[in-house]
Amino acid sequence: MRSEIIYGIHPVHEALRAGRRRIDRIYVGTDKPSERICTVLRMAEEKTVPISEVKPGFLRELCGTGVHQGLAAAVGAYPMIDIEDALSEISSRHPPAFFLVLDGITDPQNLGALLRTALCAGVHAVILPKDRSVQPNPTVCKASAGAMEHLRIARVTNVASCLKMLKQRRIWIVGLDPGGGTWMYDIDWSLPVAVVIGAESRGIRPLVKAQCDWLAAIPQASGFNSLNASVAGALVMYEVLRVRKCGCPPEPGA
């Protein structure tokens, strides 16, 4: 069975807490674990997960990095979901559907930050393309501070076709674009929506952009587009959360 190594206190703790994938063994690379590490070890013991004490050098080699914080875990493959399953589950939910579609994010730090925000902002499911995109790997898990372990992530072959399917399910598609003709504050985020964020350098691809019902821009004081994908995504996701929590969609014709 396929396995991989996740590392860092938050990722290992959240993998244990989420309970969504197999955890084969915990590795501790310090003789005097901190209280935070001890908390994780107690949880592992409760779940009867084997624990091995190893030398720091071994842990560094195991993880392929020195930013492991003295803790790692051998785990099963990340549990991707099927997009149809996500749609079936979300159709019966309240509040309305909230998808995050990432069209070609290649920086694992950006993906991790986006996933962390997605969990905090109440995104129901994240959609990634199978190709030309970083996947939910241990680096992304670390960058998300373990938030990835709680999210439902679907991988699709064709993002444009996936958006067509979402539209057939009465989900509105909003692409984030600096040149968009609508301010993000003028979108009615109380509707079922899928927010599309493009690649760090080229933005949303033309075929994907063609499926968007709105292209939303983030107002900026400067003419320089200085927001990267993760920051821009955070602003929009929290605007969706704000509208849904406060019940204050834009005025008609605004």
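Anything mentioned here points back to the structure above.
Here the structure is a predicted model, which is why all the values come from computation and not from measurement.

Enquirer: Where do I start with the overall build of the protein in this structure?
Expert: A tally of regular secondary structure across the protein gives 9 helices and 11 strands. Based on the C-alpha atoms only, the size of the protein along its principal axes is roughly 65 × 40 × 35 Å. Expressed as a percentage of the 254 residues in the protein, the buried residues total 49%. Across the protein, contacts joining residues at least 24 apart in sequence account for 79% of those joining residues at least 6 apart.

Enquirer: Honestly, the environment of K167 in this entry has me stumped. Any pointers?
Expert: Take K167: it is sitting in helix α7 (residues 159-168). Through-space distance from the C-alpha of K167 to that of W189 is 15 Å; in sequence the pair is 22 residues apart. With residues up to four places along the chain from it excluded, the contact list for K167 reads I173, Q211 and D213.

Enquirer: I would appreciate a short explanation of the pattern of salt bridges in the present structure.
Expert: Oppositely charged side chains may form a pair once their charged atoms are brought near each other. Here the structure, examined in full by the defined rule, presents 10 salt bridges. Linked by salt bridges that have partners in common, E4, R21 and E149 make up one network.

Enquirer: What exactly am I supposed to notice about the pairing of strand β7 (residues 153-156) here?
Expert: Each regular strand carries side chains that alternate between the two faces of the sheet. As paired strands, strand β6 (residues 125-129) and β7 are joined by 4 bridges and run parallel to one another. Residue P129 lies in a different strand from β7, and its bridge partner there is V156.

Enquirer: It is not clear to me how the sheet that holds strand β1 (residues 3-7) should be interpreted in this structure. Could you clarify?
Expert: Backbone hydrogen bonds are what pair the strands of a sheet, in a parallel or an antiparallel way. Within the open sheet, the 4 strands sit side by side as β1-β4-β2-β3. Their pairing is mixed. Two strands lie at the open edges of the sheet, namely β1 and β3 (51-53), each paired on one side alone. Pairwise comparison of adjacent strand axes, ignoring direction, gives a mean angle of 20 degrees for this sheet. Relative to β3, strand β2 (residues 23-28) runs parallel, the two being bridged by 3 bridges. From the neighbouring strand, Y27 faces β3, where its bridge partner is S52.

Cut-offs applied
Residues numbered from 1 in each chain as written. Predicted model: local features only at pLDDT ≥ 70, side-chain atom pairs only at ≥ 80, totals over all residues. Heavy atoms only, no water. Helix = DSSP H or I, 4+ residues; strand = E, 2+ residues; numbered from the N terminus. Buried < 20%, exposed > 50% of the residue type's maximum accessible area, 1.4 Å probe, protein only. Contact = heavy atoms within 4.5 Å. Salt bridge = Lys/Arg side-chain N within 4 Å of Asp/Glu carboxyl O. Pairing = 2+ DSSP bridges. Axes fitted to C-alpha atoms, helices over the stretch in contact; angles between N-to-C directions.

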